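Understanding the architecture of this molecule
Here are the chains, one letter per residue:
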Amino acid sequence: TYTQNAERQFQPASLYKLWVTAYAFELINNGGLERVETVSKSIPEINRIFDIDEESAEQTEGTITRTVEEAIDQMITISHNYSALLLSSELGNSKIGANLRSLGLTSSRMGAPPVTTPGDIAKFYELLYDGKIVNEEISAEFIEILSRQELNDRIPKYLPQGVTVAHKTGELGAFKHDAGIIFADDAILFVALSETPS
């Protein structure tokens, strides 16, 4: 194991979508949420809930409608922000945060702004690899979704073709991240969180 600045706090950017997915799968497993359940909200309502002003909003009009399964897939594989915000608004940030604490991720929190550390993100992926995000079946499904990530300009960039990488990227302002599991001959857990000085 090699670490540097493992306990330094960063804004997670889209890495928070890992936490939303984990809690959604927890609810699916215990019957509190259905994969085929449809969730729908107007874009202005989502922007109001998350205090996103019109100038910085990716979208300002219309309605977003997804099944829970579609929202999970889109927010992981293409990092679709409004699928993530839609599902987050349905599940509740406080409950997502409580699930984080139950996983032992004590340096991470939802909020304005959310925060995390490389150490916590590494711990999340270790739990996932060990089959402890909900259970082995759910963890395997989660890894399969992460392996279909379409944003591959970071960890996979210099790896040989055909190497499976189950990962999630994040990018927001000065923050640019990628974290996941490289399935080489031996699995490698790789987390890189960065902040570029202005």
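I will try to describe carefully the structure that is included in this document. Predicted, not measured: the structure shown is a model, and the values here were computed from it.

**A few points about the packing of helix H1 (residues 16-30) against helix H6 (residues 118-129)**
At a closest axis distance of 11 Å, the pairing of H1 and H6 adopts a crossing angle of 35°. Like other packed secondary-structure pairs, H1 and H6 cross with a definite hand, here left-handed. Facing Leu 18, Trp 19 and Ala 22 of H1, the residues of H6 in contact are Ile 121, Phe 124 and Tyr 125. Its residues assigned to classes, the contact of H1 with H6 shows six nonpolar, no polar and no charged.

**Some words on a negative patch on the surface**
Side chains of Asp 51, Asp 53, Glu 54, Glu 55 and Glu 61 sit close together on the surface and give a patch of like negative charge. Mapped onto the secondary structure, Glu 55 falls in the loop between helix H2 (43-49) and strand S2 (63-67). By relative accessible area, which is 82% here, Glu 55 ends up exposed.

**Some details on unusual backbone geometry**
The omega torsion of the bond from Ala 112 to Pro 113 falls at 0°, within 30 degrees of zero and hence cis. Residue Ala 13 is not a glycine yet carries a positive backbone phi of 50°. Along the chain, the position of Ala 13 falls in the segment before H1. The backbone of Val 134 sits at a positive phi, close to 75°, despite the residue not being glycine.

**Side note on the packing of helix H3 (residues 68-77) against helix H4 (residues 81-91)**
Between two packed helices, both the angle of their axes relative to each other and the distance between the axes serve to describe the pair. Close contact between H3 and H4 brings their axes to 8 Å; oriented N to C, the two are set at 135°. Between H3 and H4, the angle is such that the two are oblique. In the crossing of H3 with H4, the sense of the turn from one axis to the other is left-handed. Note on element contacts: H4 touches H3 through Ser 83, Ala 84 and Leu 87, opposite Val 68, Ala 71, Ile 72, Gln 74 and Met 75. Looking at side-chain class alone, the contact of H3 with H4 contains six nonpolar, two polar and no charged residues.

**Details of the packing of aromatic side chains**
On inspection of all chains with the given rule, the structure shows five aromatic pairs. Between Phe 25 and Phe 142, the ring centres sit 5.8 Å apart and the planes meet at 55°, which makes this aromatic pair tilted. Of this pair, Phe 25 sits in helix H1 while Phe 142 is found in helix H7 (residues 136-146), placing the two residues 117 residues apart along the sequence. On the basis of relative accessible area, Phe 25 is assigned to the buried category, the value being 1%. Classification of Phe 142 by relative accessible area gives buried; the value is 0%. Taking the centre distance of 6.0 Å and the plane angle of 80° together, the rings of Phe 124 and Phe 142 count as edge-to-face. Here Phe 124, found in helix H6, pairs with Phe 142, found in helix H7; they are 18 residues apart in sequence, far enough to count as distant. A residue is classified by how much of its surface remains accessible, and Phe 124, at 0% relative accessible area, is buried. These aromatic residues form a ring-pair network of at least three members: Phe 25, Phe 124, Tyr 125 and Phe 142.

**Describing the pattern of salt bridges**
On inspection of all chains with the given rule, the structure shows eight salt bridges. Measuring nitrogen to oxygen at the nearest pair gives 2.8 Å for the salt bridge that ties Asp 73 to Arg 148. Taken together, the residues Asp 73 in helix H3 and Arg 148 in the loop between H7 and strand S3 (164-172) connect sequence positions 75 residues apart. Of the residues examined, Asp 73 reaches a relative accessible area of 25% and is grouped as partly exposed. We classify Arg 148 as partly exposed; its relative accessible area is 36%. We note a salt bridge from Arg 148 to Glu 144, for which the minimum N-O separation is 2.9 Å. Within this structure, Arg 35, Glu 69 and Glu 141 form a network of salt bridges that share partners.

Conventions used here
Residues numbered from 1 in each chain as written. Predicted model: local features only at pLDDT ≥ 70, side-chain atom pairs only at ≥ 80, totals over all residues. Heavy atoms only, no water. Axes fitted to C-alpha atoms, helices over the stretch in contact; angles between N-to-C directions. Helix = DSSP H or I, 4+ residues; strand = E, 2+ residues; numbered from the N terminus. Left-handed = near helix turned anticlockwise from the far one by under 90°. Contact = heavy atoms within 4.5 Å. Nonpolar A, V, L, I, M, F, W, Y, C, P; charged D, E, K, R; others polar. Patch = residues over 30% accessible without salt bridge, like charges linked within 9 Å, V, L, I, M, F, W, Y side chains within 5 Å. Areas by Shrake-Rupley, 256 points an atom, 1.4 Å probe, with all protein chains shown as cover. Salt bridge = Lys/Arg side-chain N within 4 Å of Asp/Glu carboxyl O. Lys, Arg positive; Asp, Glu negative; His and termini not counted. Charge placed at Lys NZ, Arg CZ, Asp CG, Glu CD. Buried < 20%, exposed > 50% of the residue type's maximum accessible area, 1.4 Å probe, protein only. Parallel < 35°, antiparallel > 145°, perpendicular 65-115°, else oblique. Phe/Tyr/Trp six-rings, centres within 6.5 Å; stacked < 30°, edge-to-face > 60°.

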